[in-house]
Amino acid sequence: MSNPETPAASGAPRIRPSSGAAYARIHGVGGYRPVRVIPNTEVLEWIDSSDEWIRSRSGIAERRWAGPEETVAEMSVQAAGKAIAQAGIAPERIGGVIVATVSHLKQTPAIATEIAQRLGCGTAPAFDISAACAGFGYGLSLADGMVRGGSAEYVLVIGVERLSDLTDVTDRSTAFIFGDGAGAAIVGPSDTPGIGKVIWGSDGSQKDVISQTQAWDTAFAKEDAVNGTGTEIKWPALRMEGQAVFRWAVWEMAKVAQQALDAAGITADQLGAFIPHQANMRITDAMIKKLQLPDSVPVARDITETGNTSAASIPLAMERMLESGEARSGDLALIIGFGAGLVYAATVVTLP
């Protein structure tokens, strides 16, 4: 048997190694928030609850829901346009488009291809990933590898959701949680490290704690069975075992966040911002305590006005912190996303 570290035969041709930038960083970020605001008072028309209960359980006061024209593609194009402008590059220089979403309702083609075409990204490879609330972190890791591996100079990473399409407004445990929106980031070459090692993973043993209520084929089969009978068929929606998710996020994700800090060689007091997935304000507060984050480090609390936007939540919160001045360009930020799967991804980045 030949040595795997040497050519199989003397003089055999070798594959030319790829090479790219020494490091990568985020060069621009942008977001899009739908026009329609859904305050808690409107949610209370659907479920038996109270504004105080919703705020105390989640930290949410209002969320944005997309209108008919605010499609997954349209929101993505709007967010990406802002990120591209901030990065100061032409769309043609984008060598990859990655879209993280669980709410593009067509199985194929990937919505990323339409977005790339509309933005003018030429023949850039474009694909969707399904990693729920960790989707932006997954996309960031892929983009970092593409830039440093030489397969792209710049990569567009988008997190976008229309979770209102998958919300059961009669479900008291989830009706108040989800929102819509899109966030985008341009990842490109850097002279210094701008994206730390991504600590990511999954725990499929808990796949059922956040899930869709039924598969599409099941829903269609039920529709066929009652066609013409006047029986109402419920559209598949998101369901969640809130307490199980809360315990997992609080106990496990603080460890992952610390691993990301350690991998980057950064301590909590050196951070300029903490930008966790906007899942629940109580989860955020518990993570702050476990990480022993200094009071001087600003924390993203975009959930109050935006709700849980899954893959879009981190870039939307990042944009808001930069626009408000809570965080500054060049600051180090710890980001972490976690959700259905269960999946997670955390890293330290330099803010654009």
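Anything mentioned here points back to the structure above.
A brief look at the structure comes next. (Residues numbered from 1 in each chain as written. Predicted model: local features only at pLDDT ≥ 70, side-chain atom pairs only at ≥ 80, totals over all residues. Heavy atoms only, no water.)

### Concerning the sheet that holds strand S13 (residues 343-350)
The strand order S8-S13-S12-S11 describes an open sheet built from four strands, whose pairing is mixed. The open sheet is flanked by strand S8 (199-202) and strand S11 (273-276), the only strands paired with a single partner. With direction set aside, neighbouring strand axes in the sheet form an average angle of 10 degrees. In terms of strand pairing, S8 meets S13 through four bridges, oriented antiparallel. If you follow Trp 200 over to S13, its bridge partner there is Ala 345. Most of the contacts of helix H7 (residues 242-264) go to S13, to which it runs at about 35 degrees, and overall it touches S8, strand S12 (332-339) and S13. (Pairing = 2+ DSSP bridges. Helix = DSSP H or I, 4+ residues; strand = E, 2+ residues; numbered from the N terminus. Axes fitted to C-alpha atoms, helices over the stretch in contact; angles between N-to-C directions. Contact = heavy atoms within 4.5 Å.)

### Examining the environment of Trp 53
By the element assignment, Trp 53 lies in helix H2 (residues 51-58). Judged by relative accessible area, which is 22%, Trp 53 ranks as partly exposed. Taking C-alpha positions, Trp 53 is 35 Å from Val 157, a pair spaced 104 residues apart along the chain. Leaving out residues up to four positions away in the same chain, Trp 53 has contacts with Arg 172 and Phe 176. (Buried < 20%, exposed > 50% of the residue type's maximum accessible area, 1.4 Å probe, protein only.)

### Brief notes about the nonpolar core
Counting residues in hydrophobic clusters, the biggest one holds 37 residues, and the most contacted among them are Val 187, Ile 275 and Met 318. With six residues, helix H5 (residues 135-149) is the single largest residue contributor to this core. Apart from residues no more than four positions distant in its own chain, Met 318 is found in contact with Ile 26, Val 29, Ile 275, Ile 335, Val 349, Leu 351 and Pro 352. Within the second largest apolar cluster, 33 residues are counted, among which are Val 256, Ile 288, Leu 293 and Val 297. (Core = buried A, V, L, I, M, F, W, Y, C linked by side-chain atoms within 4.5 Å.)

### Considering the side chain of Thr 347
Topologically, Thr 347 is positioned in strand S13. By relative accessible area, which is 2% here, Thr 347 ends up buried. A distance of 2.9 Å separates a polar atom in the side chain of Thr 347 from the backbone oxygen of Gly 196. Every residue in contact with Thr 347, bar those within four places of it in the chain, is listed here: Leu 140, Ile 195, Gly 196, Lys 197, Val 198, Ala 260, Ala 333, Leu 334 and Ile 335. (Polar contact = N/O pair within 3.5 Å; in protein donor to acceptor, adjacent residues only side chain to side chain.)

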